[in-house]
Amino acid sequence: MAIESNQVVAMMYELKVDGEVVDSNIGKDPLEFTYGTGQIIPGLESRIVELNEGDSKDITVPAAEAYGEYNEEAKQVLPKEQFGDLELQVGMPLQGQGENGQPIQVIVTDIKEDGSVEVDFNHPLAGKELNFSITINSII
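Starting afresh in each chain, residues are numbered from 1 along the sequence in its written order. Since the coordinates come from a predicted model, pLDDT governs what is reported: local features require at least 70, and pairs of side-chain atoms require 80 or more to be given and counted, while whole-chain, interface and lining totals use all residues. In computing side-chain properties, one takes all heavy atoms of the structure into account and sets aside hydrogens as well as water.

A. Region of the structure containing the overall build of the protein chain. Looking only at helices and strands, one finds 1 helix and 9 strands in the protein chain. Numbering goes from the N terminus for both helices and strands, where a helix is a DSSP run of H or I of at least four residues and a strand is a run of E of at least two. Put simply, the protein chain runs from its N terminus to its C terminus through helices and strands in the order β-β-β-α-β-β-β-β-β-β. Using C-alpha atoms as the atom set, the radius of gyration is obtained and then compared with a globule rule of 2.2 Å times the number of residues to the power 0.38. A globule of 140 residues ought to have a C-alpha radius of gyration of about 14 Å, yet the protein chain, at 19 Å, is considerably larger. Based on the C-alpha atoms only, the size of the protein chain along its principal axes is roughly 60 × 35 × 30 Å. Across the 140 residues of the protein chain, 32% fall into the buried class. Relative accessible area decides the class of each residue, using a 1.4 Å probe on protein chains only: under 20% of the type maximum gives buried, over 50% gives exposed, and in between gives partly exposed.

B. Expanded view of the nonpolar core. To define a nonpolar core, start from buried Ala, Val, Leu, Ile, Met, Phe, Trp, Tyr and Cys residues and group those joined through side-chain atoms within 4.5 Å. Among the nonpolar cores identified, the biggest contains 22 residues, and Leu44, Ile48, Leu130, Phe132 and Ile134 are the most heavily contacted of them. Among the elements of the structure, β1 (8-17), β4 (56-61) and β9 (130-139) are those that each provide at least two residues to this core. With residues near it in sequence (within four places) discarded, Leu44 still touches Met11, Ile59, Val61 and Phe132. Membership of the second largest hydrophobic core comes to 8 residues, among which are Phe83, Val106, Val117 and Val119. We call two residues in contact whenever any of their non-hydrogen atoms come within 4.5 Å of each other.

C. Spotlight on the environment of Val22. Positionally, Val22 belongs in strand β2 (residues 20-24). The contact partners of Val22, leaving out residues within four places of it in the chain, are Leu15 and Val17.

D. Molecular detail of the pairing of strand β7 (residues 103-111). Should DSSP find at least two bridges between two strands, the strands are regarded as paired. In this sheet, β7 lies alongside strand β6 (residues 93-97) in antiparallel orientation, the contact comprising 5 bridges. The partner of Gln97 across the bridge, within β7, is Pro103. The turn linking β6 back onto β7 is made up of 5 residues, and Gly101 within it adopts a positive phi angle of 85 degrees. Across 4 bridges, the pairing between β7 and strand β8 (residues 117-120) is antiparallel. Residue Asp110 lies in a different strand from β8, and its bridge partner there is Glu118. Counting the residues in the hairpin turn of β7 and β8 gives 5 residues, including Gly115, whose phi is positive at 95 degrees.

E. Geometry of the pattern of salt bridges. Salt-bridge detection follows one rule: a side-chain nitrogen of Lys or Arg within 4 Å of a carboxyl oxygen of Asp or Glu. Enumeration according to the criterion identifies 4 salt bridges in this entry. Between Glu65 and Arg47 there is a salt bridge; the shortest N-O distance is 2.7 Å. Taken together, the positions of Glu65 in the loop between β4 and β5 (75-78) and Arg47 in helix α1 (residues 42-47) put the pair 18 residues apart, joining distant regions of the chain. Arg47 gets classed as partly exposed once you look at its relative accessible area, which sits at 26%.

F. Summary view of unusual backbone geometry. Phi angles above zero are rare outside glycine, and Asn6 is one such case at about 70 degrees. The residue Asn6 is located in the segment before β1 in this model. For Asp18, which is not glycine, the phi torsion reads 55 degrees and is therefore positive.

G. Structural context of the sheet that holds β6. Read across the open sheet, the 4 strands follow the order β5-β8-β7-β6; overall the sheet is antiparallel. At either margin of the open sheet sits one strand with a lone partner, and together these are β5 and β6. Going across the sheet, the axis of each strand differs from the next one's by a mean of 40 degrees, ignoring polarity. Geometry is summarised by axes, namely lines fitted to C-alpha atoms with helices restricted to the contacting stretch, and by angles between N-to-C directions that run from 0 to 180 degrees.

Here it is, written out as structure tokens:
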């Protein structure tokens, strides 16, 4: 039985970016999600619709259908005081709140000589092509 909307799918996956494994649930519990409800990235969801229980497939998802293209304008320079007593380092992920109160993650990309801090609001995988190896464990 192929996957249909509102079915619960259990899936094993390995995600590679530029040939390097960046995420995997191999040897762990399967990822469970309800198909067609936006719980996984659109490009992956649209490419598994014809799969059946037990099927395995390698899937490439372009950046535009995953976390979007990298946006240079999604960087912002903020005063260091806004970060309180945190010992900031370049590459450090920080949690914050977006304009609508939703949680967001930013990455510290630069600490300027004047003490101001540049942060990047892009998702860490923005602009990246994602290569998944998946196996559908079950469809309920």
